[in-house]
Amino acid sequence: MRSRLLSIASALTLAVSGSVLALIPASPASAHCDGHGQHPDLYSGGGISWGDGTFIRAYPHQDCQPKGQGYPNQNIDVHCATLTGDLWFFVRNTSTGINGWARRDALRFSQSVTIADCATGFDIRTVK
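Quick notes on the rules
- Residues numbered from 1 in each chain as written.
- Predicted model: local features only at pLDDT ≥ 70, side-chain atom pairs only at ≥ 80, totals over all residues.
- Heavy atoms only, no water.
- Core = buried A, V, L, I, M, F, W, Y, C linked by side-chain atoms within 4.5 Å.
- Buried < 20%, exposed > 50% of the residue type's maximum accessible area, 1.4 Å probe, protein only.
- Helix = DSSP H or I, 4+ residues; strand = E, 2+ residues; numbered from the N terminus.
- Contact = heavy atoms within 4.5 Å.
- Disulfide = S-S within 2.5 Å.

Can you explain the nonpolar core? Please cite residues and give values.
Counting 15 residues, the largest nonpolar core has I48, V78, F89, L107 and I115 as the members making the most contacts within it. The element best represented in this core is strand β5 (residues 87–93), accounting for 3 residues. Look past the residues within four positions of I115 in its chain and what remains in contact with it is Y43, V78, H79, C80, A81, F89, F122, D123 and I124. Judged by nonpolar contacts, the second largest core, of 8 residues, contains C33, C64, F90 and W101.

Provide a residue-level description of the state of the cysteines, including the pertinent values.
The tally for this structure, following the rule as stated, stands at 1 disulfide. Linked covalently through their sulfurs, C80 and C118 form a disulfide whose S-S length is 2.0 Å. Given an S-S torsion of about 100°, the disulfide between C80 and C118 has right-handed geometry. Highlighted residues: C80 in strand β4 (residues 76–83) and C118 in the loop between β8 (113–116) and β9 (123–126), separated in sequence by 38 residues. Judged by relative accessible area, which is 0%, C80 ranks as buried.

Hey, could you go over the environment of H32 for me, with residue numbers and the actual values?
Along the chain, H32 turns up in the loop between α2 (28–31) and β1 (48–50). For the pair formed by H32 and Y59, sequence separation is 27 residues and the distance between their alpha carbons is 7.2 Å.

Right, dumping it as structure tokens:
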């Protein structure tokens, strides 16, 4: 009788645990790292190049999955920018075809630039 009660208690514990786990939402990192594959090409001013091994991420957050990297000997197409705590640029590595987000401090600037915000089109100025 006691072993049967223990079996039932164990089964109920597993069932309740599974239900509780199903109610826990996805982590914030996974929630903000989805989508966002294309953005308008609002910049053609030049003056921006890859740093050495600049990560190109799926979304403008450090904890989002890297899609690839950019290197100084590769070409870059900068589209627009956004602020998510840090300044991020939507870029395309024209040598590899990979596009995504690169953080401002990972890129090199040969001049000050004014670039449009990806969502609003308002200008963001960044100083070299």
